[in-house]
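Residue-level structure breakdown
If you want the building blocks of each chain, they are given just below.
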Amino acid sequence: MIARLLILVARGWQLGPSLILPPSCRYSPSCSAYAITALRRYGARKGGWLAAKRIARCHPWGGYGPDPVP
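Residues numbered from 1 in each chain as written. Predicted model: local features only at pLDDT ≥ 70, side-chain atom pairs only at ≥ 80, totals over all residues. Heavy atoms only, no water.

In the nomenclature of an unreviewed UniProt entry, the protein corresponds to Putative membrane protein insertion efficiency factor from the organism Sphingomonas oligophenolica. The protein has a UniProt comment under Subcellular location (unreviewed entry) that states "Cell membrane". As recorded by UniProt, the Function (unreviewed entry) comment attached to the protein reads in full: "Could be involved in insertion of integral membrane proteins into the membrane." (UniProt positions renumbered as here; feature names shortened; annotations may be inferred.)

So, in structure tokens, the structure goes:
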């Protein structure tokens, strides 16, 4: 149930602000797509933790390139 709510938040981002803002993803897949996959695969607790860690790494001094969900 919580995972579904978090997936809706990520989809809302994809369909809202993400369409208006210029593309700036450092990783592939994007953080929102990564979060949706992690939440579907692992549920709210572990998937949410993986998504939060990924979002925390998304800054100018972070990495870049392919970063699939484990």
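1. Notes on helix H3 (residues 31-57)
With 27 residues, H3 should cover 39 Å at 1.5 Å per step; its first-to-last C-alpha distance of 10 Å lies more than 12% under that length. Cys-31, Ser-32, Tyr-34, Ala-35, Ile-36, Ala-38, Leu-39, Gly-47, Leu-50, Ala-51 and Arg-54 are the residues of H3 that are buried. Lining the buried residues of H3 we find helix H1 (2-15) and strand E1 (27-28). (Helix = DSSP H or I, 4+ residues; strand = E, 2+ residues; numbered from the N terminus. Expected span 1.5 Å × (residues − 1). Buried < 20%, exposed > 50% of the residue type's maximum accessible area, 1.4 Å probe, protein only. Contact = heavy atoms within 4.5 Å.)

2. What to know about a nonpolar patch on the surface
Among the surface-exposed residues, Leu-5, Leu-8 and Val-9 lie close enough to one another that they form a single nonpolar patch of about 320 Å² accessible area. Along the chain, the position of Leu-8 falls in helix H1. Assessed through its relative accessible area of 60%, Leu-8 is described here as exposed. (Patch = residues over 30% accessible without salt bridge, like charges linked within 9 Å, V, L, I, M, F, W, Y side chains within 5 Å. Areas by Shrake-Rupley, 256 points an atom, 1.4 Å probe, with all protein chains shown as cover. Salt bridge = Lys/Arg side-chain N within 4 Å of Asp/Glu carboxyl O.)

3. Some points on the pattern of salt bridges
All told, the structure shown has two salt bridges when counted by the stated rule. We note a salt bridge from Asp-67 to Arg-54, for which the minimum N-O separation is 3.5 Å. Placement of the pair is Asp-67 in the segment after strand E2 (65-66) and Arg-54 in helix H3, with a sequence separation of 13 residues. Given a relative accessible area of 16%, Asp-67 falls into the buried group. Residues Arg-57 and Asp-67 are paired through a salt bridge, measuring 2.3 Å at the closest nitrogen-oxygen approach. One end of the pair, Arg-57, is in helix H3; the other, Asp-67, is in the segment after E2, with 10 residues separating them in the sequence. Look at Arg-57 and you get partly exposed, because its relative accessible area is 30%.

4. Section: the environment of Pro-70
Mapping Pro-70 onto the fold places it in the segment after E2. The class for Pro-70 is exposed, based on a relative accessible area of 56%. With 48 residues separating them in the primary sequence, Pro-70 and Pro-22 have C-alpha atoms 28 Å apart. Once residues within four sequence positions are removed from consideration, Pro-70 is found in contact with Tyr-34, Arg-41, Tyr-42 and Leu-50.

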